[in-house]
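# Geometric and topological summary
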Amino acid sequence: MTNNIGLAEGLDFGAGAYYYADIPGFENIVNTNAYTSPVPMWVLIVLFLAWGYIMYRLWQYIASSGSNK
């Protein structure tokens, strides 16, 4: 990214640009209706946050048990 390698001429997306970011109109190519979940979005968000909390607590437990030795 520093040397503008791999980006289309005249398009500046900055750091964090994904491999498809230099394709103009990419959002028109992707079919967002190809997959629909039978689970409501709020349930998915709650599950994601719960998983993150559980993993955080597990990491805290592992870190604290390792420092007791």
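See the structure shown above.
Worth saying up front: this structure is predicted, and the values here are computed from it rather than measured.

## Considerations on the overall build of the chain
Looking only at helices and strands, one finds 2 helices and 0 strands in the chain. The buried share of the chain, reckoned over its 69 residues, is 3%.

## Concerning a nonpolar patch on the surface
Residues Trp 51, Tyr 53, Ile 54, Met 55, Tyr 56, Leu 58, Tyr 61 and Ile 62 make up a contiguous nonpolar surface patch of roughly 900 Å² in combined accessible area. Within the secondary structure layout, Met 55 lies in helix 2 (residues 41–67). Classification of Met 55 by relative accessible area gives partly exposed; the value is 31%.

Calculation notes
Residues numbered from 1 in each chain as written. Predicted model: local features only at pLDDT ≥ 70, side-chain atom pairs only at ≥ 80, totals over all residues. Heavy atoms only, no water. Helix = DSSP H or I, 4+ residues; strand = E, 2+ residues; numbered from the N terminus. Buried < 20%, exposed > 50% of the residue type's maximum accessible area, 1.4 Å probe, protein only. Patch = residues over 30% accessible without salt bridge, like charges linked within 9 Å, V, L, I, M, F, W, Y side chains within 5 Å. Areas by Shrake-Rupley, 256 points an atom, 1.4 Å probe, with all protein chains shown as cover. Salt bridge = Lys/Arg side-chain N within 4 Å of Asp/Glu carboxyl O.

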